[in-house]
Amino acid sequence: QVQLVESGGGLVQTGGSLRLSCAASGRSFNSYAMAWFRQAPGKKREFVAAISRNGDGATYADSVKGRFTISRDNANKVNLQMNSLKPEDTAGYYCAARSWTISSLEYEYGYWGQGTQVTVSS
């Protein structure tokens with residue numbers, strides 16, 4: 001099993017940047033593909049970005065492509081660098097993990113963090 005704790009959320013102006021981190025504890029971090037999802041008030045949770053187990057592959061939602069970058073490091077963390085933020089990026093951001101292959105499908109992720117709030121003011 002793996003436990004996930006997100007950090008780094010906050011309030012930022014349009015065009016600003018934030019860096020989210022997700023600390024993973026438990027065994028075999030490198031056995032898990034990792035992802036970020038987000039959920040805005042009144043909306044369904046949506047995929048943001050995912051990264052493969054060894055970090056050599058990543059995929060992004062079209063809405064964040066070119067602005068967000070997902071990465072993972074040897075300290076059992078997965079990060080989401082968010083640049084050129086827009087008000088529509090306002091949401092709770094959730095880290096998720098699944099065994100083996102990368103995926104953009106929410107139901108394929110069995111481990112979730114509690115989330116961190118990102119608010120982008122106009």
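Our subject in this report is the structure included herewith. (Residues numbered from 1 in each chain as written. Predicted model: local features only at pLDDT ≥ 70, side-chain atom pairs only at ≥ 80, totals over all residues. Heavy atoms only, no water.)

**A few points about the sheet that holds strand β1 (residues 2–7)**
Pairing within the open sheet is antiparallel, and its four strands lie in the order β1-β3-β8-β7. The outermost strands of the open sheet, each flanked by one partner alone, are β1 and β7 (68–72). Neighbouring strand axes in the sheet, compared pairwise and without regard to direction, differ in orientation by 15° on average. Taken together, the six bridges between strand β3 (residues 18–26) and strand β8 (residues 77–82) define a ladder with antiparallel strand orientation. Along β8, the bridge assignment pairs L20 with L80. (Pairing = 2+ DSSP bridges. Helix = DSSP H or I, 4+ residues; strand = E, 2+ residues; numbered from the N terminus. Axes fitted to C-alpha atoms, helices over the stretch in contact; angles between N-to-C directions.)

**Focus on unusual backbone geometry**
One non-glycine residue, S84, adopts positive backbone phi at about 50°. Mapped onto the elements, S84 comes out in the loop between β8 and β9 (91–99). Its relative accessible area of 41% is what places S84 among the partly exposed residues. (Buried < 20%, exposed > 50% of the residue type's maximum accessible area, 1.4 Å probe, protein only.)

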